[in-house]
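Tertiary structure, described
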Amino acid sequence: MTTVCKRIVNAREDSVEEMMEGLAIAYRELLHLHKTFPKIVFSNFIRQGKISLLSGGGAGHEPFCAGYVGEGMLSAAVSGSVFAAPPSSQVFEAIQQLSTFNKGAGVLVVIPNYTGDRLNFGLAVEKALKVGIKVDSVIVGEDCAHQNSKLEYAGRRGLAGLVLIFKIAGAMSAEGKSLEEITWMAKKAVTLMSTIGICLSPCILPDGTPSFTLAETEIALGVGVHGETGIGKIELCSANKIVSLMLEKIKESLTLKNGNEVILLVNNLGSTTQMEQWIVVREVNIQLSKDGIKILRIFAGHFMTSLGMSGVQICVLKCKTEDEVFDNVLNWVDAVTNAPAWPGSSPLTHTHLAPCTENLSIHTVPYIDLEEEMGKRWKLPKIGNDNAKLIHTCIQEAMCALINEENKINFLDTECGDRDCGTTLRRGAEGILAALNILPLDCPGALMPCLAAVCEPHMAGTAGSIYCLLLTTCSPPLADVETHEMAGESFSWADAWAKAWRCGLDGMLKYSGAKIGDRTMVDVMEPACTKYLLASKKSKNDIIMALDATLEAAEKGCIATGKMTARVGRASYVNAMNLHEYDAGAYGAYVWLKAVIMVLKRHLS
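Overview of the structure. Keep in mind that this is a model prediction, so the values were computed, not measured. (Residues numbered from 1 in each chain as written. Predicted model: local features only at pLDDT ≥ 70, side-chain atom pairs only at ≥ 80, totals over all residues. Heavy atoms only, no water.)

1. Observations concerning the sheet that holds strand E12 (residues 310-318)
Selection criterion: Any two strands are treated as partners once DSSP identifies two or more bridges connecting them. The way it works is that DSSP assigns letters per residue, a run of H or I at least four long becomes a helix, a run of E at least two long becomes a strand, and they are numbered from the N terminus. Convention adopted: a line fitted to C-alpha atoms gives each axis, helices being fitted over their contacting stretch, and angles between N-to-C directions are expressed from 0 to 180 degrees.
Here we have six strands laid out as an open sheet, ordered E9-E8-E7-E12-E10-E11, and mixed in their pairing. Two strands in the sheet have a free side with no partner beyond their single neighbour: strand E9 (232-235) and strand E11 (294-301). This sheet shows a mean twist of 20 degrees between the axes of neighbouring strands, independent of strand direction. The pairing of strand E7 (residues 193-201) with E12 spans eight bridges and is classified as antiparallel. Across the sheet, residue isoleucine 196 finds its bridge partner in E12, namely isoleucine 314.

Listed below in structure tokens is the structure:
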């Protein structure tokens, strides 16, 4: 019998926005949504002169993260689409609003340790620093299933322990602690925390397909919250044995021993019954007590779910260390909060909105100001109408190619991703096509950041930040070319594009951490860029040969990913080598690059 995924939704594309609106209606005394970006939610109790806390991530993990917005926890949260990081422009907007609300006291951004979140939140923090906002960040990764990955590749995943960081940092903010004190304490807490999960069934992705498969008698150990299959599959056994295996990893990670004092959080991943959840709590209590480990507080419930996955996570935070400052952690965990998702939250006693949050500030700076970027065309080198038409055709063909390949790219994304890479690229492509006729096609130096501005809000996630980086950092060489070199029969423009490609790729690599052999789009872009950069481009024949060599290098790089093990982002936690012919992101890059090259070859022939 086929299992059918049933959901109470209207249109899938609108589900996240409608969810956020429902949350705001239910807790209207407590929080409110951004009027322009309904995926950003603010607390009504942001205090002037006190540090504000911001976090967020992909939807599908509710009540994380919006459910922890309230006095004593988060000041605001930014949600992305399902399992996709929010766009950096919206994170930047939230940082600006919080800084306005608290009169410049400072903002701490708590970032889940996933590639898309690190990139988008990190870019927003960097942008905020450049415009003079007092802001800092802490990356939270406490998954001990991959203990050996702590210092390698992406590091440890951020799991349900994020909620304890919100609680500690939020309580410290309420006490009036400084940004430096809260940041230091949050980072300290991450080092004293470990989480591990198991699941009995996979999560069901928005398109109705399971993220992975489990036999009837199998469970997955070390599972993540995005459908990662964990570190191994074992036969279903007793709760006693399952908890023992999980605690073995935690005790190894934290070197727990007799006399330690801990805070325990048991997270229900979605569809686990209350009966199973409390049985797990009982087992953890019995087993830790036998080891002489004292549990000071126990929290259990739905903290960070995974689209109905059946399973639990156990999170342990050590409370007693040689550091006297950290001994206050219990008081911060016990501090009052009105965040709706925190268990035992106090009733709402505030009956009015804080004056500084009644209306959103209108004095914010756009992440990328499209109008401003387009205005730069009058000061930068032009390429003439004929070449502008050529660029129009290149972009149009490339975007249409991505749209046509959506299903295949999604299929390639099933084992190391969320089956949404093709959809993400399609959204970005549609955003670019919708704005294509108003973009400064005759001015490459202004065009690149404009392309970033129109595609970034549509794409979000890891792909959104990667392409935004590529497009925004590639423009300097195009802005520096002498006007006479960009016109007529001169082929200097071909060298300018080569330098721009290299510059953009370097900018992308700086933040992504990816390199050749990691099974990403870099395996396509790096060899193709190198081949084109080094090739002679002094005549039409030279350029045609350079384009042929570039396409060949890109194709070889794409095919090579089929034999690689992914090592960056969530994919790095999949043990088995991806069985698909190549990586989804690599294939997506190859698709649009091939389309551009074919247009250029037709033009030159």
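2. A look at the packing of aromatic side chains
The geometry of an aromatic ring pair is captured by the separation of the ring centres together with the interplanar angle, meaning the angle of the planes. So the rule is basically this: Ring pairs shown here join Phe, Tyr and Trp side chains whose ring centres sit within 6.5 Å, with only the six-membered ring taken for Trp; geometry is labelled stacked below 30 degrees between planes, edge-to-face above 60, and tilted in between. The cut-offs for exposure are 20% and 50% of the maximum accessible area for each residue type, with area from a 1.4 Å probe on protein chains only; residues under the lower value are buried, those over the upper are exposed, and the others partly exposed. Whether a charge lies above a ring is judged from NZ of Lys or CZ of Arg, which has to be within 6 Å of the ring centre and within 35 degrees of the ring normal.
Using the criterion set out here, one finds eight aromatic pairs in the structure. Centre to centre, the rings of tyrosine 68 and phenylalanine 166 are 6.2 Å apart; their planes meet at 50 degrees, and the pair counts as tilted. Here the residue tyrosine 68 occupies a position in the loop between strand E3 (52-59) and strand E4 (76-82), and phenylalanine 166 occupies one in helix H4 (residues 161-174), the gap between them amounting to 98 residues. Each member of the pair, tyrosine 68 together with phenylalanine 166, is buried. Centre to centre, the rings of tyrosine 467 and tryptophan 592 are 6.4 Å apart; their planes meet at 70 degrees, and the pair counts as edge-to-face. One end of the pair, tyrosine 467, is in helix H14 (residues 461-473); the other, tryptophan 592, is in helix H19 (residues 584-604), and 125 residues separate them in sequence. Residue class for tyrosine 467 comes out buried when judged on its relative accessible area of 11%. The class of tryptophan 592 is buried, set by a relative accessible area of 17%. Taking NZ or CZ as reference, lysine 537 lies 4.8 Å from the ring centre of tyrosine 532, over its face.

3. Examining the environment of proline 210
Under the convention used in this document: Between two residues, a contact is recorded if the distance between any of their heavy atoms is within 4.5 Å.
The topology assignment puts proline 210 in the loop between E7 and strand E8 (218-221). Of the residues examined, proline 210 reaches a relative accessible area of 43% and is grouped as partly exposed. Counting along the chain gives 209 residues from proline 210 to arginine 419, while the straight-line C-alpha distance between them is 9.9 Å. If near-sequence neighbours (up to four positions away) are discounted, proline 210 is found in contact with Pro202, Cys203 and Ile204.

4. Quick notes on the nonpolar core
In plain terms, the rule: The nonpolar core is taken to be a set of buried Ala, Val, Leu, Ile, Met, Phe, Trp, Tyr and Cys residues, with the residues joined through side-chain atoms within 4.5 Å.
Core analysis: the largest hydrophobic core is formed by 102 residues, its most contacted members being Leu54, Ile95, Val109 and Ile395. Looking at this core, the element that brings in the most residues is H19, giving 13 residues.

5. Focus: empty space enclosed by the protein
To keep things clear, this is the line we draw: The definitions used throughout rest on a 1 Å grid laid over the protein atoms alone, on which a cavity is an enclosed set of points accommodating a 1.4 Å probe that cannot get out and a pocket is an open set flanked by protein within 12 Å on both sides along at least five of seven lines; lining residues are those having an atom within 4 Å of a point. Grid points are joined across faces, edges and corners, and a volume is the space filled by probe spheres set on the points. Lys, Arg, Asp and Glu make up the charged group, whereas Ala, Val, Leu, Ile, Met, Phe, Trp, Tyr, Cys and Pro make up the nonpolar group; the residues left over, Gly among them, are polar.
Per the stated rule, a full pass over the model turns up four cavities of 30 Å³ or more. If you go around the largest cavity, you meet 36 residues; those closest to its centre are Met448, Leu471, Trp497, Trp592 and Val596. The element best represented in the lining of the largest cavity is helix H10 (residues 384-404), accounting for eight residues. Residues of the lining of the largest cavity, tallied by class, amount to 33 nonpolar, three polar and no charged.

6. Let's talk about the side chain of serine 43
Counted only if it meets this: For this analysis, a polar contact is any N or O atom pair within 3.5 Å, provided that within protein one partner can donate a hydrogen and the other can accept it, and provided that sequence-adjacent residues contribute only side-chain to side-chain pairs.
Structurally, the position occupied by serine 43 is in strand E2 (residues 40-43). Of the residues examined, serine 43 reaches a relative accessible area of 1% and is grouped as buried. Polar contacts involving the side chain of serine 43 include one to the main-chain amide nitrogen of phenylalanine 45, which spans 3.0 Å.

7. Brief notes about the pairing of E2
Residue alternation in E2 divides its side chains into two sets, Ile40 and Phe42 and Val41 and Ser43, and both sets are buried. Following strand E1 (residues 31-33), the chain reverses through six residues before pairing antiparallel with E2. With three bridges joining them, E2 and E4 adopt antiparallel strand pairing. Within E4, the residue paired with phenylalanine 42 across the bridge is alanine 76.

8. Some words on the packing of H4 against helix H5 (residues 179-191)
Which entries qualify depends on this criterion: Small angles under 35 degrees read as roughly parallel and large ones over 145 as roughly antiparallel, with 65 to 115 read as roughly perpendicular and the rest as oblique. In this scheme the handedness of a crossing depends on how the near helix is turned from the far one: anticlockwise by less than a right angle means left-handed, clockwise means right-handed.
Taken N-terminus to C-terminus, the directions of H4 and H5 make an angle of 155 degrees; their axes are 10 Å apart at the nearest point. Classified by the interaxial angle, the pair formed by H4 and H5 is roughly antiparallel. When the axes of H4 and H5 are compared, the crossing they make is right-handed. In this structure, H4 contributes Ile165, Ile168, Ala169, Met172 and Ser173 to the contact, and H5 contributes Glu181, Ile182, Met185, Ala186, Ala189 and Val190. Considering only residue class, the contact of H4 with H5 consists of nine nonpolar, one polar and one charged.

9. Brief notes about helix H13 (residues 444-459)
This is how it is decided: Given the number of residues in a helix, its expected span is that number minus one, multiplied by 1.5 Å.
In a regular helix each residue adds 1.5 Å, so 16 residues correspond to 22 Å; H13 covers 22 Å between its end C-alpha atoms and thus fits that length. Burial analysis of H13 places 14 of its 16 residues in the buried class, the great majority of the element. Two residues or fewer after H13 comes alanine 460, characterised by a positive phi angle close to 55 degrees.

10. Here we look at the pairing of E7
With seven of nine residues buried, E7 is to be regarded as a mostly interior element. Note: E7 against E8, two bridges, orientation antiparallel. Following the sheet pairing, cysteine 199 is matched in E8 by alanine 220.

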